Amino acid sequence: MEHQLGLPVLYTFRRCPYAMRARLAIVAAGLKVEVRELVLRAKPAHMLEISPKGTVPVLWLQDGTVIDESLDVMRWAVGQNFPADWLVLNAQQQQQCDEWIALLDGEFKRNLDRYKYPHRYHTESYTCDPLEHRAACEKILMQWNEVLMQQGPWLFGNKPSFVDFAILPFVRQFRIADEAWFDAVPGYEALKQWLAGFLQSDLLETAMVKYSPWQPADIPLTFPG
């Protein structure tokens, strides 16, 4: 397997929020990669060879380096070319960024999965209640709503930052679980505006362009196209 275009190769899945935030950073940094869209039930042998854990995103650099954690792909992208319109975080903001992302990837994601897919967690002795897990997510969303009310439109004020785009794909997933409820429920107005701006952005539109599932014999494609 080669880098046919002389670019890093990105294995991705369009709807996965982890892969989404990696693509957002790549777009924001003005970079290009060779894209390989997956079907999750038929993962390419090469991807599993270089990243046996089998999750997306996987970024395969020209020197053979493999980056297979979404936050690390984001860090790689902004390290190559820091987006001109992103806020450069100071030490205090960076600590807050890390705390929010840990909360998101831990408690929030755990409850989000059980809200969206409760049937996956049913056992003979336990019935997963999606509303219980939605409420747990709401407590976290309310924290971010309060921050946005005080210093929005972004989490650190007038400019977007790494943490906004690390979190927003998962807030999008939360809304998708029950859009009618989310759009009607009161109390999240600042957060809803934050999410709405993201959903309407050129950045997201570019990051969500559809690609056909990749096959080894396909002509290589670039992302962004």
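Our subject is the structure listed above.
Described in the following lines is the structure provided in the data block. (Residues numbered from 1 in each chain as written. Predicted model: local features only at pLDDT ≥ 70, side-chain atom pairs only at ≥ 80, totals over all residues. Heavy atoms only, no water.)

Considerations on the pattern of salt bridges
Item 1. Summed over all chains, the structure comprises 7 salt bridges.
Item 2. The partner of R75 in a salt bridge is D72, and the shortest N-O contact between them spans 2.8 Å. Of this pair, R75 and D72 both sit in helix α3 (residues 70-80), 3 residues apart, which is roughly one turn of that helix.
Item 3. Exposure remark for R75: the relative accessible area of 42% places this residue in the partly exposed category.
Item 4. The salt bridge involving R175 is made with D183; its shortest N-O contact spans 2.9 Å.
Item 5. For R175, a relative accessible area of 19% corresponds to the buried category.
Item 6. Since its relative accessible area comes to 43%, D183 is described here as partly exposed.
Item 7. In the salt-bridge network here, residues are joined through shared partners; they are R175, E179 and D183. (Salt bridge = Lys/Arg side-chain N within 4 Å of Asp/Glu carboxyl O. Helix = DSSP H or I, 4+ residues; strand = E, 2+ residues; numbered from the N terminus. Buried < 20%, exposed > 50% of the residue type's maximum accessible area, 1.4 Å probe, protein only.)

Description of the layout of surface pockets
Item 1. There is about 320 Å³ of room inside the largest pocket.
Item 2. Every residue lining the largest pocket is counted, 21 residues in all, and those nearest its centre are C16, P17, Y18, T55 and V56.
Item 3. Secondary structure elements with two or more residues in the lining of the largest pocket: α1 (17-28), α3 and α4 (91-116).
Item 4. In terms of residue count, the dominant contributor to the lining of the largest pocket is α1 (3 residues).
Item 5. Tallied by class, the residues present in the lining of the largest pocket amount to 9 nonpolar, 4 polar and 8 charged.
Item 6. Of the voids in this model, the second largest pocket is the one considered here, and its volume is about 220 Å³.
Item 7. Lining the second largest pocket, in full, are P17, Y18, K109, L112, D113, K116, Y117, R120, Y121 and Q173.
Item 8. Counting only elements with at least two residues in the lining of the second largest pocket, the list comes to α1 and α4. (1 Å grid on protein atoms, 1.4 Å probe; cavity = no way out; pocket = protein on both sides within 12 Å on 5 of 7 lines; lining within 4 Å. Points joined across faces, edges and corners; volume = space filled by probe spheres on them. Nonpolar A, V, L, I, M, F, W, Y, C, P; charged D, E, K, R; others polar.)

Looking at the environment of I140
Item 1. Turning to its location among the elements, I140 is positioned in helix α5 (residues 130-151).
Item 2. Take I140: its relative accessible area is 3%, and that puts it in the buried class.
Item 3. With 138 residues separating them in the primary sequence, I140 and E2 have C-alpha atoms 43 Å apart.
Item 4. If sequence neighbours within four positions are ignored, I140 has contacts with L103, E107 and F108. (Contact = heavy atoms within 4.5 Å.)

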